[in-house]
Amino acid sequence: MNSIAVIGPESTGKSTLASALADYFGTRCVPEYAREFLGKLDRPYNQDDLLTIAKGQLEDEKAFRKQANDLIILDTDLFVIKVWSEFKYGNADPFLLQLLSMNQADLYLLTSPDIPFEDDPLRESPKDRARLFDIYHKELMNAGVNFQIVDGSHESRLQKSIMVINDLI
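Criteria and cut-off values
Residues numbered from 1 in each chain as written. Predicted model: local features only at pLDDT ≥ 70, side-chain atom pairs only at ≥ 80, totals over all residues. Heavy atoms only, no water. Pairing = 2+ DSSP bridges. Helix = DSSP H or I, 4+ residues; strand = E, 2+ residues; numbered from the N terminus. Axes fitted to C-alpha atoms, helices over the stretch in contact; angles between N-to-C directions. Buried < 20%, exposed > 50% of the residue type's maximum accessible area, 1.4 Å probe, protein only. Phe/Tyr/Trp six-rings, centres within 6.5 Å; stacked < 30°, edge-to-face > 60°. Lys, Arg positive; Asp, Glu negative; His and termini not counted. Salt bridge = Lys/Arg side-chain N within 4 Å of Asp/Glu carboxyl O. Contact = heavy atoms within 4.5 Å.

*Asks:* So, the sheet that holds strand β2 (residues 28-30): which residues are in play, and what are the values?
*Replies:* Strands sit in the order β2-β3-β1-β4-β5 across an open sheet of five strands; the sheet is parallel. Looking along the sheet, the strands with just one partner apiece sit at the ends: β2 and β5 (147-150). Taking the axes of each pair of neighbouring strands and ignoring which way they run, one obtains an average angle of 25° across the sheet. As defined by bridge partners, strand β1 (residues 2-7) adjoins strand β4 (residues 107-111) across four bridges and the pair is classed as parallel. Pairing of A5 across the sheet is with Y108, part of β4.

And the structure:
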C-alpha cells in the first residue's frame, strides 16, 4: 500500500487537499489526530503531549489502512510533529525521532503558504508560515524522502498532486 502524506505549515490547505485526494482516488484519508486530542484537552498542551499525539496518529493510520484501497492519504504525519516540537520547544523527543524513522510515507506533498491564512483556535503561528515552510523543505531534503511542493490555488494543488501520485502508483 502506498502512503501519501500532506504536510506543511499551518493553514496551507493540507486538510482540504488530503480530503480531495482521498475522494479522487476512492480511498481513506487519515485525519490529523492532534485536532481531536487538543480539542478534548482541558489545559494548554506541552511537549510531552506531542509524543501522545504522535502515537495517536500512528494508531489511527493503522486502523484506517484496513479500510483503504492500495493508497492511503495522511492529513499530516510525524514530520509535522517533529518540526513543530523543534520550532516551539527547541528539540524533539528521541522516541518521536525513532518513530519517524520507522514510519515514513512513500510520497510527501509539501503545501506552500501562498494561500491566505484562515484563523482557527488551534493555530499558533500565522506570521511564521514562510519560515516553517523552509524548515519543512530542509527536513524533507535532509531525510532524502520522495516529496513534491504543491502551490497555487486549491484546484492547482489537487491537479499537481494527482499527477505526481499517478506517477508513483
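*Asks:* Provide a residue-level description of the pairing of β4, including the pertinent values.
*Replies:* Among the five residues of β4, five are classified as buried, and the element is accordingly described as predominantly covered. Both faces of β4 are covered, namely the face carrying L107, L109 and T111 and the face carrying Y108 and L110. Relative to β5, β4 runs parallel, the two being bridged by four bridges. What sits directly across from Y108, in β5, is F147.

*Asks:* Break down the packing of aromatic side chains for me, with residues and values.
*Replies:* Per the counting criterion, the structure on display carries four aromatic pairs. Aromatic side chains Y24 and F25 sit 4.9 Å apart centroid to centroid with 80° between the ring planes, which places their arrangement in the edge-to-face category. Assessed through its relative accessible area of 15%, F25 is described here as buried.

*Asks:* Talk me through the side chain of R129; I want residue IDs and the actual numbers.
*Replies:* Along the polypeptide, R129 turns up in helix α6 (residues 129-143). Within the buried set, R129 has no salt-bridge partner at all; the shortest N-O distance to an opposite charge, 7.4 Å, is to E10. Apart from residues no more than four positions distant in its own chain, R129 is found in contact with P9, E10, S11, T12, P113, I115, P116 and F117.

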